Amino acid sequence: MDTAAASLVPAARNAKCRHQSPAASGNAQGGRQGSPHQTGQLNEVVVVRDGSNGGGGVGAISKDDTNSNGKVKTRRKKGSPPQQTRRLPTREMDEIDMSAECAELCDCDPMCRLVSVITLPIAGQMLYVSSLIGGNAGDPEEWLQSNLPLLIILVFFSSVLFTAAIIFASWEKNISRCCGMLGWCAFCMTSVLFWTNHDSTVERHGAYNLLGFCCFLAPQLLFVVCIRTCITQSCQLRCKWPSLLIILIAGFWMLLAMGRSNDHWTDGLFGKKLELIHEGCTIHQPSISWDQLYEDTVTKAYSVWAWRPCPLNKNFSFLDARSGTVTINCPDANAQYETLPDLQGQLGLYMVRYVQDKTTVTNYTAPFVMPTEAVVAICGSHRQLHITVQPKQSAIDRVHAWRNHSYNTSIPFSSVSAVSGDVQGNVSYLEPIKYPPAPNIVFIFLDAISRAGWHRKFPETLSVLQDLHTRNEDLEVFQFLRYHAVGHTTRKNARAMFTGESDANRHKTLWELIEHKYVTGIVDNTCTEWSAKYLYDRSAIADHRLNSPWCLPEYVGTGRTENFDLLRGPWSLQRRCITGIFVHDWVLQYAQLFLKSYQDQPKFLLVKFTEGHEPSGSVLGMLDNSIAAFVRSLDLNETAVFLVSDHGLHMGPLWSMNAASTRLENKLPGWFMILPKWWTTARNASSTLRGNEQSLVTPYNIYATVLDVASEHVDPHFGKHVDSAFRPIPFRNCTEARIPQKFCKCKNF
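Throughout, residues of each chain are indexed from 1 in the direction in which the sequence is written. Local features in a predicted model are, by the rule used here, given only for residues with pLDDT of at least 70; side-chain atom pairs are given and counted only at 80 or more, and totals for whole chains, interfaces and linings are based on all residues. The basis for the side-chain values is all heavy atoms of the structure; hydrogens and waters are excluded.

**Q** Is there a simple way to explain the packing of helix α16 (residues 490–499) against helix α26 (residues 699–709) in this structure?
**A** Helices that pack against each other are described as a pair by the angle of their axes relative to one another and the distance between those axes. Axes, fitted as lines to C-alpha atoms, cover a helix only where it is in contact. Angles between the N-to-C directions of the axes lie from 0 to 180 degrees. Each helix is a run of H or I in the DSSP string that is no shorter than four residues. Each strand is a run of E no shorter than two, and both are numbered from the N terminus. In the contact formed by α16 and α26, the axes pass within 6 Å of each other and the chain directions differ by 25 degrees. In this view, α16 runs roughly parallel relative to α26, as classed from their interaxial angle. For the pair α16 and α26, the sense of crossing is right-handed. Touching N493, A496, M497, F498 and T499 of α16 are P699, Y700, I702 and Y703, all from α26. Each residue belonging to the contact of α16 with α26 can be placed in one class, and the counts come to seven nonpolar, two polar and no charged. Throughout, the term roughly parallel applies to angles under 35 degrees, roughly antiparallel to angles over 145, roughly perpendicular to angles from 65 to 115, and oblique to all others. Helix crossings are classified by the rotation of the near helix relative to the far one: an anticlockwise turn of less than a right angle makes the crossing left-handed, while a clockwise turn makes it right-handed. Contact definition: two residues touch when any of their heavy atoms are within 4.5 Å. Ten residue types, Ala, Val, Leu, Ile, Met, Phe, Trp, Tyr, Cys and Pro, are classed as nonpolar, four, Asp, Glu, Lys and Arg, as charged, and the remainder, Gly among them, as polar.

Here is the structure:
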């Protein structure tokens, strides 16, 4: 078809539609029976060119429009150049014929369209409002997880009804206009749902519902557009083959990716793998790892936006780390500084308003010593955060008193030379030895990441563990491949991990049990009293705890009382920054300051990250390089390091769609441990720990293991905690491991 004819085919199709009667459309599928005069059927379409201006037109003709010789009758004005006519070839005529039939699919009875546009959105709105219910009594998060399938079904069918309404409201014969109307209707209806509720709390979770609604609506509208395009272009056979080829290539790639998605699902460190078949607990590997596919596609694409660098921040103030003195250089504006309060002991779960009320603003006149561990310097519209650790003499005296008592008591103790690692028998020590009897403990806690997720998102960190194990003869690295969670969410797992119990009683935490021998510190990135939220609604006091910077408006917004916002705070879908620095880097900076401030005292440090608590699953990977660098910076010859997660992913599209691999990984988090070899040798612990790497372990085992690491000496009571990984863990089932039956992933149980 030449260019002129091609440009006039749509007009020809319209001309044909105008000549065709309802009876013709009814006979279209029956072989076009009847004569042209009876049905109004057209014989040919011709292109007419006007010789005067190169323009032309297109028209449909019947037998009445031709003379006896079969030529088309044409008329022209007097004095005008003769017109040229050309019959379209049969193939082009067939294209126009098919397009006219396809166009009839766009027709819809006006009354039917009006009723659909009114009733379908109302029904969809009712379903959507029903999905906004939340649990107010007991544990609202647990209620939400238990009722999540129902809420997802309500949101899905709501999106289906809205899609149908959008189709009726926007269906047009012109495909460009149709797509534009689809987009405009979708925007209007989504805006209505946004204003219905866009809160980010457990009780009112409209923001998360709207995100799920959009995830359902977008592919449905895309499917409608594809179908609409196929209807319009179905007559043009030459356009089918490229599209078909693209679909075949995409389908082949998807099948190949699905087949290889679980190739590395069982991989561990040092060439070890999770043994799927195991006495007491056999785990069935998922046939398709949707989490791996999601990581290779959506996560990598989305991280381009989510991992953006923090905005540049003006450096106008300086902190002297030794003296804790802050100097502000602000010649062009009035300099001030905010003193952020200490949240230690505050029982409120969400402390945004408390911090905003207790923050004091002071005019800057001269360099000052930080009154608390966090201040914000202000110069006009610029702000700069400073944090420090102020050593507490009371903590130092408490630990020294215990150490002096311990060293001056005649107890059997097996010490190890720092150089040779030789065991030196049982002696009574009256003076401190070079290495402390119990190493420092650094507990790195990552929320919501599975064992397989560690390997996908933290390659640099696990590479550090691999190098430490293979290249450093003074260290040993252990991994627990069958580590099983005891609940969907943090609450149950955190209680088991840090108190050793899961009942409703108030038990002491790990750091409270060992505070007589350790200086204790806690830092996370949420504006909460974390132990009050997860550990029986009471405050578990530590010597140092940094929370107040995570309540700043730049991080969580102004006047907010919850921390579940999708664009700000610790559950954000994107980077988290405070004054130009990533929040996780602030957390690790405080952790390093804590360890340096108590160089001569044994230390227990809990570092907690909640970057996994967001629907996209992308933000958590930002921590990899920072955590790897932090582990390298530790004095590992005197430090035991726990890298632990409480459960796997429990939000986002895969969880919402009940993907089998995601549900499995939710029950199988990660647990890695670095120990000084002098310590494991003295306690003859290496072989036992290696033997337990394939055993069924839980957060209860972590609790007992930390207490044994904190033990002062080796005697018959070492490993006295029944769940400790320093004792051989026999083959056992979920009941024996205190895992609820409905939550167990051991298939032979």
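Still more ground to cover, so stick around.
**Q** Would you take a moment to explain the packing of aromatic side chains for this structure?
**A** Any aromatic ring pair is given by two values, namely how distant the centres are and how the planes are angled relative to each other. The aromatic pairing rule takes the rings of Phe, Tyr and Trp, using the six-membered ring of Trp, and pairs them if the centres are within 6.5 Å, calling planes under 30 degrees apart stacked, those over 60 edge-to-face and the rest tilted. Evaluated as defined, the whole model comprises 18 aromatic pairs. Arranged with centres 5.8 Å apart and planes meeting at 45 degrees, the rings of F445 and F498 form a pair that is tilted. In this pair, F445 sits in strand β13 (residues 440–446) while F498 sits in helix α16, placing the two residues 53 residues apart along the sequence. Of the two residues, F445 and F498, both sit in the buried class. Plain terms: the ring middles of Y483 and W671 are 5.9 Å apart, the flat faces sit at 70 degrees to each other, and that makes the pair edge-to-face. Buried means the residue's accessible area, taken with a 1.4 Å probe over protein chains only, is under 20% of the maximum for its type, while exposed means over 50%, and partly exposed covers the values in between.

**Q** It is not clear to me how the pattern of salt bridges should be interpreted in this structure. Could you clarify?
**A** If charged atoms from side chains of opposite charge come close, those side chains can pair. Definition used for salt bridges: Asp or Glu carboxyl oxygen within 4 Å of a side-chain nitrogen of Lys or Arg. For the coordinates displayed, the defined rule picks out twelve salt bridges. A salt bridge links D267 to K273; its shortest N-O distance comes to 2.3 Å. You can call D267 buried: its relative accessible area is 19%. Overall, K273 belongs to the partly exposed group, its relative accessible area being 43%. The salt bridge involving E693 is made with R690; its shortest N-O contact spans 3.1 Å. Bridged by salt links that share partners, the residues K272, E476, R690 and E693 form one connected network.

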